[in-house]
Amino acid sequence: GAVVSQHPSWVICKSGTSVKIECRSLDFQATTMFWYRQFPKQSLMLMATSNEGSKATYEQGVEKDKFLINHASLTLSTLTVTSAHPEDSSFYICSARVVAGTYNEQFFGPGTRLTVL
Amino acid sequence: GQQVMQIPQYQHVQEGEDFTTYCNSSTTLSNIQWYKQRPGGHPVFLIQLVKSGEVKKQKRLTFQFGEAKKNSSLHITATQTTDVGTYFCVTGNQFYFGTGTSLTVIP
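Since the structure is predicted, the reported quantities are computational estimates derived from the model, not experimental observations. (Residues numbered from 1 in each chain as written. Chains lettered and ligands numbered in written order. Predicted model: local features only at pLDDT ≥ 70, side-chain atom pairs only at ≥ 80, totals over all residues. Heavy atoms only, no water.)

**Section: the sheet that holds strand S3 (residues 19-25) of chain A**
All names here are of chain A. Across the sheet, which stays open at both edges, the 4 strands sit in the order S1-S3-S8-S7 with antiparallel pairing between neighbours. The sheet is open, and its two borders are formed by strand S1 (4-7) and strand S7 (67-73), each paired with just one other strand. Across the sheet, the mean angle from the axis of one strand to that of its neighbour is 15°, orientation sign disregarded. Bridge count for S7 against strand S8 (residues 76-81) is 5 bridges, and the pairing is antiparallel. Within S8, the position partnered with Asn-70 by the bridge is Thr-78. (Pairing = 2+ DSSP bridges. Helix = DSSP H or I, 4+ residues; strand = E, 2+ residues; numbered from the N terminus. Axes fitted to C-alpha atoms, helices over the stretch in contact; angles between N-to-C directions.)

What follows is the structure, encoded as structure tokens:
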């Protein structure tokens, strides 16, 4: 299957700093990528849909000025958590969508664990 | 986003017992997908259901899409320890995750 990578796999930062997370589709092009966050023992919450060459679509309640998404190429989307605070500590997972007719599937990256001190 | 509830939230079974998780949406779905997430891992695609009343099988796993396309189920026959993980249904084209069912299999 298709491979999606994320970098870094984990990061620890001080409160107030910004953190950038990269999501890459390694062997296919993805016009659409998704960003999720997952708290321990909870489901994945969709944060935003990232579209190549256009602005991301954010879910209700997600601050677009805090979670900056850039999808500059068909293989790379980035999520920047600006002025991170301890409550932003979470597991961030990206996915890339493959569509073929009515069939569509998400391939997930391995996730990035963010800890804000 | 869409409200997608799964029951049960947790399920412990003895190895060899069957397991079923149910997914219910507040709205009609264009399609539904199922993913499995192992502890510490990321979700992995299992299957997609598109048609009303559709039933698909993958070895010991049986997936069903309701006639009204608002609910779905995943049934595992004779569970094995390798089945441990959290099973999520994911809706339509928006990829909203259900609340998930965490399966523990006791050897």
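That covers the picture; the talk isn't over yet.
**Observations concerning the nonpolar core**
In terms of nonpolar packing, the biggest core is built from 25 residues, with Val-4, Trp-35, Phe-67, Leu-79, Tyr-92 and Leu-114 of chain A touching the most fellow members. Among the elements of the structure, strand S2 (10-13), S3, strand S4 (32-38), strand S5 (44-51), S7, S8, strand S9 (90-100) and strand S11 (112-116) of chain A are those that each provide at least two residues to this core. Ignoring any residue separated from it by four or fewer positions in sequence, one finds Leu-79 of chain A in contact with Val-19, Lys-20, Ile-21, Trp-35, Phe-67, Leu-68, Ile-69 and Tyr-92 of chain A. Formed by 19 residues, the second largest nonpolar core is a distinct cluster that contains Val-13, Ile-47, Leu-61 and Tyr-87 of chain B. (Core = buried A, V, L, I, M, F, W, Y, C linked by side-chain atoms within 4.5 Å. Buried < 20%, exposed > 50% of the residue type's maximum accessible area, 1.4 Å probe, protein only. Contact = heavy atoms within 4.5 Å.)

**Let's talk about the pattern of salt bridges**
Side chains carrying opposite charge are able to pair once their charged atoms draw close together. All names here are of chain A. Using the criterion set out here, one finds 4 salt bridges over all chains in the structure. Put simply, Glu-22 and Arg-24 hold a salt bridge, and the shortest N to O gap is 3.4 Å. Between Asp-88 and Lys-66 there is a salt bridge; the shortest N-O distance is 2.9 Å. Separated by 22 residues along the polypeptide, Asp-88 in the loop between S8 and S9 and Lys-66 in the loop between strand S6 (57-58) and S7 bring together distant segments of the chain. (Salt bridge = Lys/Arg side-chain N within 4 Å of Asp/Glu carboxyl O.)

**Section: the interface of chain B and chain A**
A common measure of how large an interface is: the accessible area buried when the components associate. Taken together, the contact between chain B and chain A spans 20 residues of the former and 19 residues of the latter. Across the chain B/chain A interface, buried area totals approximately 1,500 Å², and carbon plus sulfur atoms make up 51% of it. Three residues, His-42, Phe-95 and Phe-97 of chain B, lead the burial of chain B against chain A; their summed loss comes to 33% of the area buried on that side. Inspection of the chain B/chain A interface yields 5 residue pairs in polar contact (both at pLDDT 80 or more). Listing elements by their share of the side of chain B that touches chain A, those giving two or more residues are strand S4 (32-37), strand S5 (44-49), strand S9 (85-91) and strand S10 (96-97) of chain B. For the side of chain B that touches chain A, the leading source of residues is S4 of chain B, giving 3 residues. When grouped by side-chain class, the residues that make up the side of chain B that touches chain A number 8 nonpolar, 12 polar and no charged. (Buried area = accessible area lost by both parts, 1.4 Å probe. Polar contact = N/O pair within 3.5 Å; in protein donor to acceptor, adjacent residues only side chain to side chain. Nonpolar A, V, L, I, M, F, W, Y, C, P; charged D, E, K, R; others polar.)

**Examining unusual backbone geometry**
Between His-7 of chain A and the following residue, Pro-8 of chain A, the backbone shows a cis peptide bond with an omega angle of 0°. Looking at where Pro-8 of chain A falls in the secondary structure, it is placed in the loop between S1 and S2. With an omega of -5°, the peptide bond running from Ile-7 of chain B to Pro-8 of chain B counts as cis. Relative to the helices and strands, Pro-8 of chain B resides in the loop between strand S1 (4-7) and strand S2 (10-14). The backbone of Lys-41 of chain A shows a phi angle near 60°, a positive value even though the residue is not glycine. Summarising the element assignment, Lys-41 of chain A is placed in the loop between S4 and S5. One non-glycine residue, Ala-78 of chain B, adopts positive backbone phi at about 50°. Counting through the fold element by element, Ala-78 of chain B comes out in the loop between strand S8 (71-76) and S9.

**Here's the deal with the side chain of Ser-43 of chain A**
One can find Ser-43 of chain A in the loop between S4 and S5. Excluding residues that lie within four positions of it along the chain, Ser-43 of chain A makes contacts with Arg-37 and Gln-38 of chain A together with Phe-88, Phe-97, Gly-98 and Thr-99 of chain B.

**Some thoughts on the state of the cysteines**
Applying the stated criterion across every chain, the model contains 2 disulfides over all chains. Between Cys-23 of chain A and Cys-94 of chain A runs a disulfide, and the two sulfur atoms are separated by 2.0 Å. As the torsion about the S-S bond is roughly 80°, the Cys-23 of chain A-Cys-94 of chain A disulfide counts as right-handed. In this pair, Cys-23 of chain A is assigned in strand S3 and Cys-94 of chain A in strand S9, connecting sequence segments 71 residues apart. Take Cys-94 of chain A: its relative accessible area is 0%, and that puts it in the buried class. In this model Cys-23 of chain B forms its disulfide with Cys-89 of chain B; the gap between the sulfur atoms is 2.0 Å. The sign of the 75° torsion about the S-S bond sets the Cys-23 of chain B-Cys-89 of chain B disulfide as right-handed. In this pair, Cys-23 of chain B is assigned in strand S3 (residues 19-25) and Cys-89 of chain B in strand S9, connecting sequence segments 66 residues apart. Accessibility assignment for this pair places Cys-23 of chain B and Cys-89 of chain B in one class, buried. With no disulfide partner, Cys-13 of chain A has as its closest neighbouring cysteine sulfur the one in Cys-94 of chain A, 18 Å distant. (Disulfide = S-S within 2.5 Å.)

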